[in-house]
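In case you want the letters, here they are:
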Amino acid sequence: MYHYNENDRADLQARRQIFQHQLQRYLDGKISDEEFRPIRLRQGLYLQRHAPMLRVAVPYGMLSSSQLRALARIARQFDQGFCHISTRQNVQFNWIAMEDIAEVLGMLAEVDMHSVQTSGDCIRNITSDAFAGVAQDELIDPRPYCELIRQWSIGHPEFAYLPRKFKIAITGAKTDRAMLQAHDIGLRVQQHSQLGKGFEVIVGGGLGRTPVIGSTLALFVPEREILAYLTAIIRVYNLHGRRDNKYKARIKILVKSIGIQAFKKQVDEEFKHTQEEVSFLSPSRIDSIATHFLPPPYEQLDSSYADLFLITLKRKNPSFSRWLKQNTHVHKIGGYRSVTLSLKSPNNAPGDVSTDQLLAIATLADQYSFGVVRSTHEQNLVLADVRETDLYALWKHLIQKDLAAPTIGTIHDIICCPGLDYCSLANTQSIPLAQAIQTRFENLDYVYDIGDLSFNISGCMNACAHHHLANIGILGVLKKGAPYFQITLGGRKGNESTLGKILGPSVAEHDVPNAIENIIQTYLSRRQEDERFIDTYLRVGINPFKEAVYGHAN
Amino acid sequence: MAMQIKQGMLIKDPWLKVNQPADKYRDYPWFSIVPLNGLHDKSQWPLPQTWIGAWFGVGTELQQITELILSLPLLNIHVDSFADGRAFSLAKQLSTALGYKGELRVSGNFLLDQMAQFKECGVTSFSLRDDSDFDHAMYILEHSPKREF
Ligand code: SF4
């Protein structure tokens, strides 16, 4: 993973000192709430229900074991003994007092972490594929580009006061696991036969109150021009995006209102200038960043031995076998697998991880996965490089720490925003509903029978849990002040990103598990052979599900 | 006389912002910063005064900044709301795409905390309200890290 150099540290230190100065001025009453607001937000500080919520940046989801230990210390000393993994791969603390913020930022800085640009109307933390560098279907490792764009966007002087927040995701794999089309800009790294490396550029995606699937703006932008091209896009947005209505201020609204072709014309025009002003990316710059992402010292392993080893264990131990199937993934290097540590145990709020777990994961990362952990937008953690022969021992450790729920990719693996329990924007709670669904579908054999299914719950229109892209999406709304939930079906992320369709009138909180059960039963009764939920839905359409929930299709 | 920060120094500001355009451009006192629409009558150019500047809002289109305007010694972007980040892109376009070499100034309701960002976008002077915290302004300019891009 990327290791800070002296310049990075000096930069972070300078930003932190300035923020401390600004914070002091605010605490001394020298600047108003209104003036402090953008400064505070750019530092990842939200005023939430209980205390400020501090969002810590996890650049493209990469965390070292020492960073995990620092997060654990902060959780223990300043929070209530846990933190939360967000759907943008970041870490959130919900209970840190304002007067402790400076000290917490200092503790983060000691391990090269910060909270800069994790909120506010600026370019946010860059996200990526949680399996970058290890996925079998990857063409080019996107992380050097993620890091480059991270460096370029941090403190970008021109784009610190955009019309609205701005999110960039990058992948280099055939399968899009980074939700490119749900981002303001999505970049797909590619290899061109003549022009070398470059990017497909997707623009104008986003969820929230007006969900839009992004469109391709350029099929190929050469690597050396990418920063100039990004500058052109974001400048056009900065100058022409709406500022009169924050619900219409994202780039997706601008692109939709003028059309992708007209938008492209403006970007191309601006690109003529930005090519002059932003220096071309030199190969040496990207090469020097890429040295941070060289493969770790993998051993040459005999996969057939590992296979035999696992087959024996699987036979002996069905629980291990289930976990192996659900929670581990093929690795590009023979003899290794990637392991998802589930943060979806029914005993915890989805995405929450305790001090004790953080410390254990840090030790396991050191022992089994080159000291690195990744956070996923599904709110889990990943040990990316585990020897197959270590899987059984790792599983045993994970069970002890309640991190081995063998339910990745199932109805239990619910992506869930913090909702009314923490978030001041929420309409409804999300966490108790997630727990109610997990309880309703308690029987794991039933869960496996249902199979692959994405299930996301957002507590309001802001759609932090990306419910529009879930096979079953739940959105909290208020009806005459009472919490209700709107159900959407058929959403998909990845290469065929599709927005889910609203099933019908929203349902009362206590009726949601029944409605979901009816939906699942409809799927099970209609599926053909091994069809997944989404495939049955696509084949039979929404009406049978409507009938099952409302008694009629209209 | 109000204060300005120019090239990193806090000094008295000789310039005065004029809000109303004059019919006859020669009536503008020296060191006036005149609204853009008070300078568009080409027949009154060249101006007899050497020291005249132009001010305009952050929504100004580049086409409105003509060659004549670019020949002035001072251009002033006036900010109504510090949240309106168009000011930064406009400054950048003036200093790069249009290649403006004179004094590029920001006035109005900006935050002192934004000064380093403006500077990086090509702004060379700031007009400050009398009640500004000048120490904080200087602190921001001196301590903000420089980017490598
Ligand atoms: S979706 Fe709404 S309720 Fe949930 S975290 Fe986002 S803003 Fe808060």
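If you're wondering where the values come from, they're calculated on a predicted model, not measured in any experiment.

K.L.:
So what exactly am I meant to see when it comes to the pattern of salt bridges here?
P.N.:
Opposite charge on two side chains permits pairing when their charged atoms draw close. All names here are of chain A. The final tally for this structure, using the stated rule, is 35 salt bridges over all chains. For D137, the salt bridge identified is with R177, shortest N-O distance 2.8 Å. With D137 in the loop between β6 (127-128) and α5 (143-153) and R177 in the loop between β7 (168-171) and β8 (185-192), the pair connects residues that are 40 residues apart, well separated along the chain. Note that D445 is salt-bridged to R322, the shortest N-O span being 3.5 Å.

K.L.:
Would you take a moment to explain the sheet that holds strand β14 (residues 372-375) of chain A for this structure?
P.N.:
Paired through their backbone hydrogen bonds, the strands of a sheet run either parallel or antiparallel. All names here are of chain A. Sheet architecture is open: five strands sit in the order β3-β14-β15-β12-β11, paired in antiparallel fashion. Of all strands in the sheet, those with a lone pairing partner are β3 (62-64) and β11 (328-330), marking the two edges. Averaged over neighbouring strand pairs, the angle between their axes works out to 35° when direction is ignored. Bridge count for β3 against β14 is three bridges, and the pairing is antiparallel. Bridging across to β14, L63 finds its partner in V373. Together, β3 and β14 form the strand contacts of helix α3 (residues 65-78), whose direction differs from that of β3 by roughly 85°.

K.L.:
Got a minute to help me understand the packing of aromatic side chains in this structure?
P.N.:
Describing an aromatic ring pair means giving the distance of the ring centres and the angle of the ring planes. With the rule as written, the count across this model stands at 29 aromatic pairs over all chains. Between Y298 of chain A and Y336 of chain A, the aromatic rings sit 4.9 Å apart at their centres with planes inclined by 65°, giving edge-to-face as the arrangement. Highlighted residues: Y298 of chain A in the loop between α9 (283-290) and α10 (303-316) and Y336 of chain A in strand β12 (residues 336-341), separated in sequence by 38 residues. Its relative accessible area of 18% is what places Y298 of chain A among the buried residues. Relative accessible area serves as the criterion here: at 3%, Y336 of chain A is assigned to the buried category. On the numbers, 6.4 Å between centres and 65° between planes, the contact of F118 of chain B with F126 of chain B is edge-to-face. The buried category is assigned to F118 of chain B, whose relative accessible area is 1%. Every member of this aromatic cluster is reached through a ring pair, and the members are Y161 of chain A together with F88, F110, F118 and F126 of chain B. The ring of Y161 of chain A has R42 of chain A lying over it, and the distance from NZ or CZ to the ring centre is 4.0 Å. Across the ring face of F280 of chain A, the terminal group of R224 of chain A is positioned such that the distance to the ring centre comes to 4.0 Å.

K.L.:
Would you take a moment to explain the site of the ligand for this structure?
P.N.:
As a matter of local geometry, the ligand sits amid C417, P418, G419, C423, L425, A426, G459, C460, N462, A463 and C464 of chain A. In the shell around the ligand, the residues fall into eight nonpolar, three polar and no charged.

K.L.:
I tried to follow the environment of E6 of chain A on my own but got confused; where do I start?
P.N.:
All names here are of chain A. Among the structural elements, E6 can be located in helix α1 (residues 6-27). Under the relative-accessibility criterion, E6 is labelled exposed at 58%. Between the C-alpha atoms of E6 and L503, which are 497 residues apart in sequence, the distance is 54 Å.

K.L.:
When you look at the interface of chain A and chain B in this model, what are you seeing that I'm missing?
P.N.:
By a frequent convention, interface size equals the accessible area lost on bringing the separate parts together. At the junction of the two partners, chain A supplies 36 residues and chain B supplies 30 residues. Between chain A and chain B, the buried area comes to about 2,800 Å², and carbon and sulfur atoms account for 59% of it. The partner of D133 of chain B in a salt bridge is R25 of chain A, and the shortest N-O contact between them spans 2.6 Å. Remark: the boundary between chain A and chain B carries 14 residue pairs in polar contact (both at pLDDT 80 or more). Secondary-structure elements contributing two or more residues to the side of chain A that touches chain B are α1, α2 (33-42), α5, α6 (226-240) and α8 (260-277) of chain A. Each residue belonging to the side of chain A that touches chain B can be placed in one class, and the counts come to 13 nonpolar, 11 polar and 12 charged.

K.L.:
I would appreciate a short explanation of the domain arrangement of chain A in the present structure.
P.N.:
Residues and elements named next belong to chain A. Taken domain by domain, chain A consists of domain 1 (6-109), domain 2 (135-293) and domain 3 (415-550). For domain 1 versus domain 3, the distance between C-alpha centres works out to 33 Å. Residue-level contacts link 10 residues of domain 1 with 11 residues of domain 3. Note on domain 1 versus domain 3: buried area summed over both sides is about 820 Å², and carbon and sulfur give 50% of it. Joining domain 1 to domain 3, the criterion identifies one residue pair in polar contact (both at pLDDT 80 or more).

K.L.:
Looking at this model, I keep getting lost on α1 of chain A. Mind explaining?
P.N.:
For the α-helix, the turn length of 3.6 residues means that residues three or four positions removed from each other point alike. Taking 1.5 Å per residue as the helical rise, α1 of chain A with its 22 residues ought to reach 32 Å, and the 31 Å between its terminal C-alpha atoms agrees with that figure. Burial in α1 of chain A covers these residues: D8, D11, L12, A14, R15, R16, I18, F19, Q22, L23 and R25 of chain A. Structurally, α1 of chain A contributes buried residues whose contacts are with α2, β1 (45-47), α4 (101-110) and α5 of chain A together with α4 (134-143) of chain B. Of the residues flanking the end of α1 of chain A, it is G29 of chain A, one or two places downstream, whose phi is positive at about 75°.

K.L.:
Mind showing me how you'd approach the packing of α3 of chain A against α4 of chain A here?
P.N.:
All names here are of chain A. Where α3 meets α4, the closest approach of the two axes is 10 Å, and the angle between their N-to-C directions is 160°. Here α3 is positioned roughly antiparallel relative to α4, judged by the angle of their axes. Considering only the axes of α3 and α4, their crossing is right-handed. Listed contacts from α4 to L71, R73, I74, Q77 and F78 of α3 are E103, V104, M107 and L108. Residues that form the contact of α3 with α4 fall into these classes: six nonpolar, one polar and two charged.

K.L.:
I tried to follow helix α13 (residues 391-400) of chain A on my own but got confused; where do I start?
P.N.:
Residue and element names in this part refer to chain A. For α13, the complete set of buried residues consists of L391, L394, W395 and L398. Along the axis of α13, the buried residues cluster in a sector spanning 100°; they form a single face. For α13, the elements touching its buried residues are α10, α11 (318-327), β11, β12, α12 (355-368) and β15 (381-387).

K.L.:
So what exactly am I meant to see when it comes to the sheet that holds strand β4 (residues 32-35) of chain B here?
P.N.:
All names here are of chain B. An order of β2-β1-β8-β7-β6-β5-β4-β3 is seen for the eight strands of this open sheet, with the pairing classed as mixed. Two strands in the sheet have a free side with no partner beyond their single neighbour: β2 (9-12) and β3 (16-17). Pairing analysis gives four bridges linking strand β1 (residues 3-6) to strand β8 (residues 125-128), with the strands arranged antiparallel. Counterpart to K6 in the pairing with β8 is S125. This element, helix α2 (residues 86-95), spans β5 (52-57), β6 (74-79) and β7 (103-108) of the sheet and lies at about 165° to β6. On top of the sheet, α4 reaches β1, β2 and β8; it is set at about 10° to β1, its chief contact.

How each quantity is defined
Residues numbered from 1 in each chain as written. Chains lettered and ligands numbered in written order. Predicted model: local features only at pLDDT ≥ 70, side-chain atom pairs only at ≥ 80, totals over all residues. Heavy atoms only, no water. Salt bridge = Lys/Arg side-chain N within 4 Å of Asp/Glu carboxyl O. Helix = DSSP H or I, 4+ residues; strand = E, 2+ residues; numbered from the N terminus. Pairing = 2+ DSSP bridges. Axes fitted to C-alpha atoms, helices over the stretch in contact; angles between N-to-C directions. Contact = heavy atoms within 4.5 Å. Phe/Tyr/Trp six-rings, centres within 6.5 Å; stacked < 30°, edge-to-face > 60°. Buried < 20%, exposed > 50% of the residue type's maximum accessible area, 1.4 Å probe, protein only. Lys NZ or Arg CZ within 6 Å of the ring centre and 35° of its normal. Near = heavy atom within 4 Å. Nonpolar A, V, L, I, M, F, W, Y, C, P; charged D, E, K, R; others polar. Buried area = accessible area lost by both parts, 1.4 Å probe. Polar contact = N/O pair within 3.5 Å; in protein donor to acceptor, adjacent residues only side chain to side chain. Domains from an automatic or database assignment. Expected span 1.5 Å × (residues − 1). Parallel < 35°, antiparallel > 145°, perpendicular 65-115°, else oblique. Left-handed = near helix turned anticlockwise from the far one by under 90°. Arc of directions from axis to C-beta.

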